[in-house]
Every structure is written in C-alpha cells, then in structure tokens.
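Structural overview for review
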Amino acid sequence: MASPTPAPCPPKGQALLEAMRRHLFSSQAKSASLATIHDHYVCLSLAVRDILLTSWVDTADTYTSQHVRTATYMSAEFLLGPHLENNLVSLGLREEAAAACEALGLTLEEMLAEEPEPGLGNGGLGRLAACFQESMATLELPAIGYGIRYEFGIFRQQIGPNGQMESTDPWLARGNPWEVIRPEWSYPVLIGGQTVIGVAYDTPILGYGVHTANTLRLWSAQAPDAFDFASFNAGDYTRAVLHKVQSETLSKVLYPNDELEQGKRLRLSQQIFFVSCSLQDMFRILGSQGIPVTEFHRKFAVQLNDTHPAIAVAELMRLLIDVHGVDWDTAWSITTATISYTNHTLLPEALEAWGLELFQQLLPRQLQIIFEINARFLRTLRIRFPGQPELLERLSLIEEGPHRKVRMAHLAVVGSHTVNGVAELHSRLLKENLFADFARVWPDRFTNITNGVTPRRWLAVANPPLAALLNDAIGTDWCRHLDQLRKLEPLATDAGFLERWQGVREQAKERLAATIRQDTGVLVDPSSLFDVQVKRIHEYKRQHMAALQVVERYLRLRAGEDLPPRTVIFGGKAAPGYAMAKLIIRLIVGMAEIINIDPAMDGRLRVIFLPNFSVKLGQKIYPAVDLSEQISTAGMEASGTGNMKMSLNGALTIGTLDGANIEIRERVGDDNFFLFGHTAEQLAAINRNGYHPMPWLENDALAKEAIDLIGSGHFSEGDRDLFHPLLANLCSSDPFRVMADLGDYRRAQNEVDSAWCDAGRWSMMSVLNTARCGFFSSDRSIQEYADRIWKVAPVPVNACSVIPSPS
Ligand code: GPU
C-alpha cells in the first residue's frame, strides 16, 4: 500500500495512530506493504487494548487491595458480539479511531467489519449475560463473569433454496486480540475418572465513562501435562494422544440447542468443567486475600444463569467439605447464602434432568452429595407436611420412574437463597405453575427481576445518528441513566424534532436496505414499512404465524386490495436438529422467492430472510425496525429482550400479552402498541375445555385460502408434500395456538396499516416508544440484582496504575 498522506489527527487519535504503526511491526511483524486489512484491524484492537489495560489493571488492583464483595455470574453462554466499537465508545475514542484509520488510508468501518464475533451463545439467554457484564462494569460493581471459551461458537447459517445450511464458526482461527491467557490460573476437574485442566482466558469488560474494567473469565480445556503417562510408557503413544484430544474436546463447541435439553454426556461434562474451575478460582482468590473459607458467602455472591451451572450447588458443597474440611451444616449454610438462581423458561423441554446412570458415571461424588441434600430436604418436608407423599415426590431432587433423573431446577431452587424470573408475568407463572410447590415451602424465596438491555451497544453503538440526535435534544446523560429519555416526551409533538427523527430513521433503514441487498441480492424500498421478526426460530415464537399473515397479505394484494408497501424481514437460526423450525425457514424462503418476483405485488410486498442473524447483524437491524413482531403464545416467552432493543430504537410493537411485552406496553402506553391475542389465562381456560384448531379455521376463509395455497406447492415449486408436516400440525394439534390468535393478529395488522398511513402520528408514537423505554436498561436490572439479591455495592476505581498509559 502506498504510504498515505497523514490527515490531521486529534491528540488521542495521534496516539492511536502511533500505536497502530508500532503494533504492525512488533505484534504482526510486518511492514505496511504486506499488511492486510485484518492486520490493521488487529493493530487497531491492540492499540485500543493498550489504552484499556490501565483501567483493567487498576480495577484488579483496587478489588484485590480492598477485599471487595464480588458478584460472580456463571453462565454457559456469553453472546458478546464484537468488542472493538463497544470499547471505543466506552473510552470515548470512536472519532479518534476513525481519524487514525483515515490517516492510514483505511476506514473505521472496514476495521469493524473485520472483527469476528465471539458468538458464544444461542440467543437471548447468552446475550443477556453479555449485557449484564457490561452493566456491572458501568455501575462499578466488583464482578466476574465465568463461562466456557468455546473454540467454535454458534454455527454460521447460510440460506439456500432448501433453507438453512450450517457451517462451523472458527472465530479464533486468526487469533483474538481481546483475550489474555492466564496459565497460572488453571484447575483440575475430575470427570468420569479422568482429570481435565481448565485454563483461564480473560477478556476485559469496560464500563462506560468510568475507570472500571471487569473480567470475563472463560475456561479452556486442556489435558494434564503428565497425561496418561502409563499408556505412553507402555508404548501406546497414540492412545495417550487420543485421550488428550478427548479431554480437549470439552470446550470445543457450543451446543446449538436453544431451550432444549438433550441429555448429552459432553454437555454435562462442560457444565461441571466450567463450574468447578470457577469455584476453585474463587477459593484461590479467597486464599490469596487471607480470608477463611467459612467467609466464602461474604466475599462472593454466585448467580446461576439458568440451570446450566446448577451443579454448582453440589460442587461448592464438595469443595467445602472434601477439600477444605468444613462440616456439612456449615457448608450448607455457606452454599445457600452464596447461590441464587435465575430461571429463563417455563418450556418443559428446556428443563434439565440428567439420567442417574450418566451422572453416576461422570460425577459419582457430586451425586452422593445430591442424594444427601435430598434426604435432608425430604426429611424437613416430611415433618412440615405429614402424610403428603405426593408433595414430597413432586419436590424431590430425583425424578422417580423407570429412568430416574436428577432435576437440576430443583437442585438450583433448594441450593439458592433467591430464585428469580425475568419478567413480571414469567415470575408469577413460575410461582403458580413450575415452582408452585416450592413457593408453598419457601414463599419468600421467589422474586422478579425484569430483563434489560445495554443502551451502549444497543443505542450508542448500533445507532449513532439517533445517539447524536438525543445528545443534541436532551443532553448526553441518557447513556448512563436511560430514564432520562423521558425528556423526549414533550418533543413528540414538536414538528421540527419529528422531522429530524424521521431523518434518523431513514438513515437506519437505508443502511439496512444496503445490507439486505448485499446479503440477499434483493432490493427493498427504504420508505416501505419495515416489519421485522428476528430471534431464534421456535414454534412458540410463532414465525409460522407471521408467515401465514404474509401469505394472506399476498392474496389480498393479488385480489386488488390497496395496502401500504411493506418489507417483511425475518432472521434467526434454527437448532440443526429441530426439523419443524427448519421447515419454517424453508417456507419463508419459498415465499420470498415467489412473492419478490411477482409483478402483481408492484413493490407493495417484499419478503426477506436475512441469513446468519447475530449480534453484529442485530446492530444493523434494530435501529431500522418500524414494526417489532413479538407474537409468542402468551405464557411461553419468559421475557424477550429483542422487544426492548426495537422499542428503544423507536419501533412500534405488534405483540401478545407475553413476557416483557406486557411491561413495555404498560410503559409506552396502549395507544402506542398493537395488542392482539389470547392471554395466558384465556389459553389455560381454552386448554381445560380441550383445544382444537379446526373450529377457528373453519370460520376463517382467508386463513384457509392461505393454508391451501401453501399446501398446493405454490411456494415449493409444485411440491405438495414439503410443507405437509407444518400444515398438518397447525390443523390438528396446533400446540402453539396459532389458529386461535390468527384472526386477531390480522385485525391488529390492519390497524398497523392504517396507522402507518398517518406518517406524522406514526413518528409521534415512535418517539414515545423511545422516550418511555428507559426502564428496560440492563443497568436497572443489574441495580436490582445488586441491591436485592447480591448485596454488592459499587467500588469506584481511580487511576492508580504504575503502568503509563500510551497516550
Ligand atoms: N432463553 Br432457558 C434463551 O434464550 N435460551 C434458553 O435456553 C433459555 C431461555 C431466553 C428466553 O427465551 C427469553 O424469553 C429471555 O428474554 C432470555 O432467555 C433472557 O432471559
């Protein structure tokens, strides 16, 4: 590359520029003539890392010297998304970085595009963990995130004429400038009689506008050094190496199932692996600060992100008793004073229960401890509830029957001081249904903490034009105190402001239109209504109901009805083994193929399936959404968080009374939300009388026509069998009550069409959505966890590092 003429650079940009040049030589070992775009990305990242290291080192020093009470967040998933831009925004260096790139003849955009995304999660649960890490740092709370450093994250999705195809995600293939390996912090874990070593890899998590940088510590599996020395010496070199490979497969790949537990041996191994390493690491920290093990619960609060880390209850008991010599009763008080558990679903297929045989093979000591916990628990119950064996059976940690199982949710509830759901409705249903018996035993153990999302990534990073408009209109405080968005309310009727608002929205939609063109080849009209459903593909989320609605729209347009132009955008991954979800994708793709080339549509309907939905893609999509589809069967979506991201960016929701939709509607106002569908209570009543979809369908000519059209092979090149499993399911059992809600969904969609035609009113409603969404900041969620569950207080970090900052 020809050496560029340096553009004028601000001082910090100058420092970045110099650090980039230095890293090209000292880290990438290249001259400018050989440097690839990826080299430059690495250099920029390392230059940014140099700057944030001061915060990171100072934070660790502060926490260590002050012996602070610390929250630890244990999660099998952290769906982080790219770090570079987020770190630039947290450090207030985005402009400077752009200038430094320009001075090298590069653009910041091309650097950002180079970053592979650490997709160490499936969907909402993993993304929530990532938002929470960032909020904990921003609130200056001493915290550590603990998880697994999967070598392969969530699979990459490509879309072909036959729907979804999967390929691997080798996100580490070109190295990772954001992590630091800590070989000195490695721990042995005994699984199935074999020892595996977990090695710590640390990633800094910067707080926004503060000096705090917390740590996300992910464990990578390694075979021990003296691995299988016996067989090695016996000359069986290959066997020894094979065992090594086997141990190291532990952290190889993230299971791509979302809300489905398959009872796989490797999965249980992954769980004990990261949980044991994390707890051993906490004991190491305790020891290094001279704190006795009996004070464990004063030093640490441990939050279990769903039941994936629930084995922590037994493992903490084992470490206290077997390794640290604590008696049972003391160990049990410490354990239950330490641990708390968040439940994220009511879906029965997601509830983890491990077969006793597998458990016994892999974790015999932990199973023994679970039996002892259960025996003591059932003994107290027998005294409190005499003559109620069925109650005891329902509450037991062990599910009886031909295949006895350990119920991980029960282990988590019994071993925790607090159990929370993730939205008001979800937490109520937990107490009324899944944990009704437990709520009788311990009514005070259950609480709600409604989810939130970080406004840094989901507004400041994802939507710079909106952020700039907000800064201008209401000041910059919103980014740390999202409630400040309230100040927008009076502007919702200000014509000048609405015009600027419209401008911001158009920019986002044009940007998404360009991405759609690039990723699918389809041209869409940025002035059409962008109707978006992006999330994992699941029958309970009812992408097939949205698809039916699109077919109906297609039929109505073909029949000459006048409807405002819409672009209907879908995105999301289906678990590779979930046939029905994959068939739903296939249907959407088939619809898109026909509808997008039908001249009768005359630009009034486009259907898009955006491949490989990810955090990166989400950052482009959320700001451009006009209509947010949140249409799950009431009672089934624990919370949802995409709903919050869209509303925060000014989308209007069409939704059921499910999860956090209810709270969003309460806050934005029912005039600014398109509600439809049965409530959870109504569905429960319908179920009691025996549900059948046919009576609903028989009275609905349009729905029938849509189903017949799909069945005729119209969207499958004449193949009448392809979608049969999907249609037959809808017309026979319809487990997710699509037919019961379809008519009302159509009514609400018609309301959307009319509202869209009044552009001024739509803009006002859009502003009010953003203005009233401040509650859904993950800062607010984390503040609640810190105050009500963890009792962890902020510890401000001052610059104290002896290491000079590069600037
Ligand atoms: N969720 Br359990 C997942 O994304 N994956 C899971 O395995 C389980 C739950 C989601 C819920 O479906 C969603 O409603 C919620 O907003 C999210 O967890 C975070 O709480």
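In the block above lies the structure referred to throughout.
Here's a quick rundown of the structure.

With respect to the overall build of the protein
Tallying secondary structure elements over the protein gives 33 helices and 22 strands in all. Each principal axis of the C-alpha distribution contributes one length, and for the protein these read about 80 × 80 × 60 Å. Counting over 807 residues, the protein shows a buried share of 62%. Sequence-distant contacts, at least 24 apart, represent 77% of the contacts inside the protein between residues at least 6 apart. Here the protein has roughly 29,900 Å² of accessible surface; of this, 53% comes from carbon and sulfur atoms. Within the protein, the 92 negative side-chain charges are centred at a point lying 3 Å from the centre of the 75 positive side-chain charges.

What about the site of the ligand?
In the neighbourhood of the ligand, 16 residues make up the surrounding shell, with Glu259, His344, Asn451, Glu637 and Gly640 lying closest. One nitrogen or oxygen atom from the main chain of glycine 124 is found 3.2 Å from an oxygen atom belonging to the ligand. In the environment of the ligand, an oxygen atom lies 2.6 Å from a nitrogen or oxygen atom belonging to the side chain of glutamate 637. Alone, the ligand offers 460 Å² of accessible surface; in the complex the protein occludes 96% of this. Residues lining the shell around the ligand come from more than one domain, with at least three contributed by each of domain 2 (67-82 + 117-353) and domain 3 (455-518 + 527-777).

Some thoughts on the packing of helix α6 (residues 124-138) against helix α33 (residues 778-790)
Axis separation between α6 and α33 bottoms out at 9 Å; the angle between their running directions is 75 degrees. By the angle between their axes, α6 is roughly perpendicular relative to α33. Contacts from Cys131, Phe132, Ser135 and Met136 in α6 reach Ser778, Asp779, Ser781, Ile782, Tyr785 and Trp790 in α33. Tallied by class, the residues present in the contact of α6 with α33 amount to 6 nonpolar, 3 polar and 1 charged.

Examining the environment of serine 33
Along the polypeptide, serine 33 turns up in the loop between α1 (11-26) and α2 (37-66). Note: C-alpha distance between serine 33 and arginine 606 (573 residues apart in sequence) is 45 Å.

Regarding the nonpolar core
Of all hydrophobic cores here, the largest spans 109 residues; its most connected members are Phe273, Phe359 and Trp790. Considering every element that reaches this core, the biggest residue donor is helix α9 (residues 265-288), with 11 residues. Ranked by size, the runner-up nonpolar core spans 65 residues in total, among them Leu583, Leu587, Leu726 and Val738.

Structural notes on empty space enclosed by the protein
Counted under the stated rule, the structure contains 7 cavities of 30 Å³ or more. Space inside the largest cavity adds up to approximately 160 Å³. As for the largest cavity, its lining consists of 14 residues, of which His83, Asn86, Glu134, Ile205 and Arg457 are closest to the centre. The set of elements that each furnish at least two residues to the lining of the largest cavity consists of α3 (84-91), α6 and β8 (194-206). For the lining of the largest cavity, the element with the highest residue contribution is α6, accounting for 4 residues. The class makeup of the residues in the lining of the largest cavity is 5 nonpolar, 6 polar and 3 charged. A volume near 90 Å³ is recorded for the second largest cavity. As for the second largest cavity, its lining consists of 13 residues, and the residues nearest its centre are Asp531, Ala546, Val550, Val568 and Glu629. Where the lining of the second largest cavity is concerned, the elements lending two or more residues are β17 (529-534), α22 (543-558), β18 (566-571) and α31 (738-757). Class assignment of the residues belonging to the lining of the second largest cavity gives a composition of 6 nonpolar, 3 polar and 4 charged.

The rules behind these values
- Residues numbered from 1 in each chain as written.
- Predicted model: local features only at pLDDT ≥ 70, side-chain atom pairs only at ≥ 80, totals over all residues.
- Heavy atoms only, no water.
- Helix = DSSP H or I, 4+ residues; strand = E, 2+ residues; numbered from the N terminus.
- Buried < 20%, exposed > 50% of the residue type's maximum accessible area, 1.4 Å probe, protein only.
- Contact = heavy atoms within 4.5 Å.
- Areas by Shrake-Rupley, 256 points an atom, 1.4 Å probe, with all protein chains shown as cover.
- Lys, Arg positive; Asp, Glu negative; His and termini not counted.
- Charge placed at Lys NZ, Arg CZ, Asp CG, Glu CD.
- Near = heavy atom within 4 Å.
- Polar contact = N/O pair within 3.5 Å; in protein donor to acceptor, adjacent residues only side chain to side chain.
- Domains from an automatic or database assignment.
- Axes fitted to C-alpha atoms, helices over the stretch in contact; angles between N-to-C directions.
- Parallel < 35°, antiparallel > 145°, perpendicular 65-115°, else oblique.
- Nonpolar A, V, L, I, M, F, W, Y, C, P; charged D, E, K, R; others polar.
- Core = buried A, V, L, I, M, F, W, Y, C linked by side-chain atoms within 4.5 Å.
- 1 Å grid on protein atoms, 1.4 Å probe; cavity = no way out; pocket = protein on both sides within 12 Å on 5 of 7 lines; lining within 4 Å.
- Points joined across faces, edges and corners; volume = space filled by probe spheres on them.

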